[in-house]
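# Results of the structural survey
For reference, the chains in residue letters:
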Amino acid sequence: MITLLPGESRARFPRFTDEMYELRLGASRARLDRPLGAINRLAVVDYFDSLDPLYVLALDDAGRIIGAIRLLPTTGATMLNDAFAATLPERGRIESPLIWEASRLTVDATGNSQAQERTIDRAVGELGCALNEIAQGAGLTHLIGVFDGGAYNLLSSRGCAGEALAPPLSLAGGQIFVAFYEVGPAMDAQFIRLAGENARRPINLADVDSTRSAAGKR
Amino acid sequence: MYCEDVFDLIDRIARAGRRPAPNNVMDEFLQATGFAHVAYVAFNLPTGPDRRLLSAAFAPTWRKHHAQSGRVDLAPLFSAGLGGIAPLLWDGLERDHPIVRKLLGEALELDLGANGVSIPLRGRDGEYALFSVCVENPGFPGMSRNAVTRRLMVASAIFHSKIRRACSLPEAPGDRLTDRERACLRLRALRKTDDEIGLALGASSRAARFWLETARARLNAVTVDAAVEKAVATESIRLGAEAACLPPQSLSVAPSIGWRER
């Protein structure tokens, strides 16, 4: 299931926020692109998190976060325009009120391999369907994805990596991939087969939080 | 923020200089779109060291009302709209909340209507803005809700860019069309389809639509057709001899920003 965490509401939902950053940190460690000694969120929280983005979270049946992605409008500061400008064709900023940037895709890759694959499929599928639905609701035409190598491999191996917008950028031993998706049925089709019947409308974060709190007290 | 800082901030806002230009922009926009009530507020506009706190342009009725009331009951819209990035449809507001109920009740009393959309805006210089439109009948003939939202997203961005221009912000190098965008606009001007444009550029039709959209946004045009017309008019693209071979109606008359028959 999917829930939305508006950046400005992070203080109201500290457990979800911590869990999301922990997931990010875990994925980062698994890819060895951060020092193994990195123990806190400072290692994975960047400037763009301070801009109150919209986080889309995929949850398992117990309400645990199994995937997350971050959305920012391209009219403001974005990773692509302000951190990786060198990758842009002709170095022109990509700015449109109808194009948002999706970045920091993270999915839970713990557990045994078979269960892990199912979890990744579900998280990727649900996140993709949710992005498409959110984008349609906001009247968007396209989404830009800025992915690190690990996230890009997850997507490309499942046939949903979007269309390349620029050549990959080499950065500190890793690569950054930039792709775009056209919002609409074609994007939905890429992800719905992974999400299956779990692709549903976002549920209220406060409801999930109270359910989890109640379960924790029992 | 400490209380002293808040009062100091309020005092500085009260003493801040007023600029008439944004109000003219608002009048032009209302006249062009046919909307009766539009509100716009921006924070952190990079307007220079002498006036950096706040720029606001509310419809006169709202301005008067809020000035007389001397309060900030717009908080639900501000917190949800300015903090977030997604368009906020007022029918999604928690209408049982006392402040929301009061605000919407007053909007009805003032004949503004209790339905509307607020569009949060983020700017490249770190500015935040909120553009709100009262829409008594939230639907335009033959347009879906998503299509209306899309047009409001475009209109609000154009409005914001006019405000930036009114603040005399210089054009940045990134404001100019890229070669790819120019090529897409030129081919569209020659009435090529998205497939044909993509093929000509060695890309897909999806890529053609993507670059047409970025070109439209860069030119602050309402539609891609309007962007083509603007690019031709400003000689950003040249059609040359190929245009002479086209039938007379080749360049569609770009729709103005106007949304309804006047």
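Note that the structure is predicted; figures quoted are calculated from it, not measured.

## Brief notes about the overall build of chain B
Across its full length, chain B holds 11 helices and 5 strands. Taking all 262 residues of chain B together, the buried fraction comes to 34%. Considering only intrachain contacts with a sequence separation of at least 6, the fraction spanning at least 24 residues in chain B is 65%.

## Thoughts on the interface of chain A and chain B
Taken together, the contact pairs 31 residues of chain A with 27 residues of chain B. If you list the elements that add at least two residues to the side of chain A that touches chain B, you get strand 3 (65-73), helix 3 (113-137) and strand 7 (174-182) of chain A.

## Section: the packing of helix 7 (residues 179-189) of chain B against helix 10 (residues 224-233) of chain B
Residue and element names in this part refer to chain B. Put simply, helix 7 and helix 10 touch, their axes get as near as 9 Å, and they point 100 degrees apart. Considered as vectors, helix 7 and helix 10 are oriented roughly perpendicular to each other. Each of Leu185, Arg188 and Ala189 in helix 7 lies in contact with helix 10, whose residues at this interface are Val224, Ala227, Val228, Ala231 and Val232. Each residue belonging to the contact of helix 7 with helix 10 can be placed in one class, and the counts come to 7 nonpolar, no polar and 1 charged.

## Topic: the environment of Gly159 of chain A
Within the secondary structure, Gly159 of chain A sits in the loop between helix 4 (149-156) and strand 6 (163-171). On a C-alpha basis, the gap between Gly159 of chain A and Ile65 of chain A in space is 23 Å, while along the polypeptide they are 94 residues apart.

## Section: helix 7 of chain B
Residue and element names in this part refer to chain B. Regarding helix 7, the residues found buried are Glu181, Cys184, Leu185, Arg186, Leu187, Arg188 and Ala189. Contacts made by the buried residues of helix 7 are with helix 8 (194-200), helix 9 (205-218) and helix 10. At the exit of helix 7 stands Arg191, carrying a positive phi of roughly 65 degrees.

## Considering helix 5 (residues 185-195) of chain A
Residue and element names in this part refer to chain A. Taken together, the buried positions of helix 5 are occupied by Met187, Gln190, Phe191, Leu194 and Ala195. Angularly, the buried residues of helix 5 cover 120 degrees about the axis, an arc narrow enough to put them on a single face. Of the exposed residues in helix 5, those oriented more than 90 degrees away from the buried face are Pro185 and Ala186. Looking one or two residues past helix 5, Gly196 carries a phi angle of roughly 60 degrees, positive in sign.

## Some remarks on the sheet that holds strand 3 of chain A
Residue and element names in this part refer to chain A. Across the sheet, which stays open at both edges, the 7 strands sit in the order 1-2-3-4-5-7-6 with mixed pairing between neighbours. Both outer strands of the open sheet, strand 1 (2-6) and strand 6, are each paired with one neighbouring strand and no more. Strand-to-strand twist across the sheet, computed as the mean angle between neighbouring axes with direction ignored, equals 25 degrees. Bridge analysis of strand 5 (residues 142-148) against strand 7 gives 7 bridges, and the strand direction is antiparallel.

## Section: the environment of Ala77 of chain A
Relative to the assigned elements, Ala77 of chain A resides in the loop between strand 3 and helix 2 (79-82). A residue is classified by how many C-beta atoms lie within 10 Å of it, and Ala77 of chain A, with 21 of them, is buried. Remark: the alpha-carbon pair of Ala77 of chain A and Ala164 of chain A, spanning 87 residues in sequence, is separated by 21 Å. Excluding residues within four positions of it along the chain, Ala77 of chain A makes contact with Phe48, Leu51 and Asp82 of chain A together with Arg124 of chain B.

## Section: unusual backbone geometry
Residue and element names in this part refer to chain B. A positive phi angle is found at Arg191, which is not glycine, with a value near 65 degrees. Locating Arg191 in the fold gives a position in the loop between helix 7 and helix 8. Of note, the phi angle at Glu235 is positive, near 60 degrees, even though the residue is not glycine. Turning to its location among the elements, Glu235 is positioned in the loop between helix 10 and helix 11 (240-244). According to the C-beta neighbour criterion, Glu235 is exposed, with 7 such atoms within 10 Å.

## Description of the confidence of the model for chain B
Residues and elements named next belong to chain B. Mean pLDDT over chain B stands at 74; residues scoring 70 or higher make up 60%. Taken together, the stretch residues 70-75 has pLDDT below 50 and engages in 5 contacts with residues farther than four places along the chain or on a different chain. Low confidence marks residues 250-262, where pLDDT is under 50. Its contacts with residues over four positions away, or in another chain, come to 26 contacts. Per the prediction output, this complex has pTM 0.83; the corresponding ipTM is 0.89.

## Focus: the nonpolar core
Among the nonpolar cores identified, the biggest contains 113 residues, and Val56, Leu57, Val124, Leu131, Leu143 and Ile144 of chain A are the most heavily contacted of them. For this core, the element with the most residues is helix 3 of chain A, which contributes 9 residues. Two domains each donate at least three residues to this core, and these are domain 1 (3-166) and domain 2 (176-244) of chain B. When near neighbours in sequence (up to four residues on either side) are disregarded, Leu57 of chain A contacts Ile2, Thr3, Leu5, Phe16, Met20, Ile65 and Ala68 of chain A.

## Remarks on the pairing of strand 4 (residues 99-107) of chain A
Residue and element names in this part refer to chain A. Most of strand 4 is tucked away, with 9 of its 9 residues classed as buried. Relative to strand 5, strand 4 runs parallel, the two being bridged by 5 bridges. Considered in strand 5, the bridge of Trp100 is made with Leu143.

Parameters at a glance
- Residues numbered from 1 in each chain as written.
- Chains lettered and ligands numbered in written order.
- Predicted model: local features only at pLDDT ≥ 70, side-chain atom pairs only at ≥ 80, totals over all residues.
- Helix = DSSP H or I, 4+ residues; strand = E, 2+ residues; numbered from the N terminus.
- Buried ≥ 20, exposed ≤ 12 C-beta atoms within 10 Å, placed from the backbone.
- Contact = placed C-beta atoms within 7 Å.
- Axes fitted to C-alpha atoms, helices over the stretch in contact; angles between N-to-C directions.
- Parallel < 35°, antiparallel > 145°, perpendicular 65-115°, else oblique.
- Nonpolar A, V, L, I, M, F, W, Y, C, P; charged D, E, K, R; others polar.
- Arc of directions from axis to C-beta.
- Pairing = 2+ DSSP bridges.
- pLDDT = per-residue confidence, 0-100.
- Core = buried A, V, L, I, M, F, W, Y, C linked by C-beta atoms within 7 Å.
- Domains from an automatic or database assignment.

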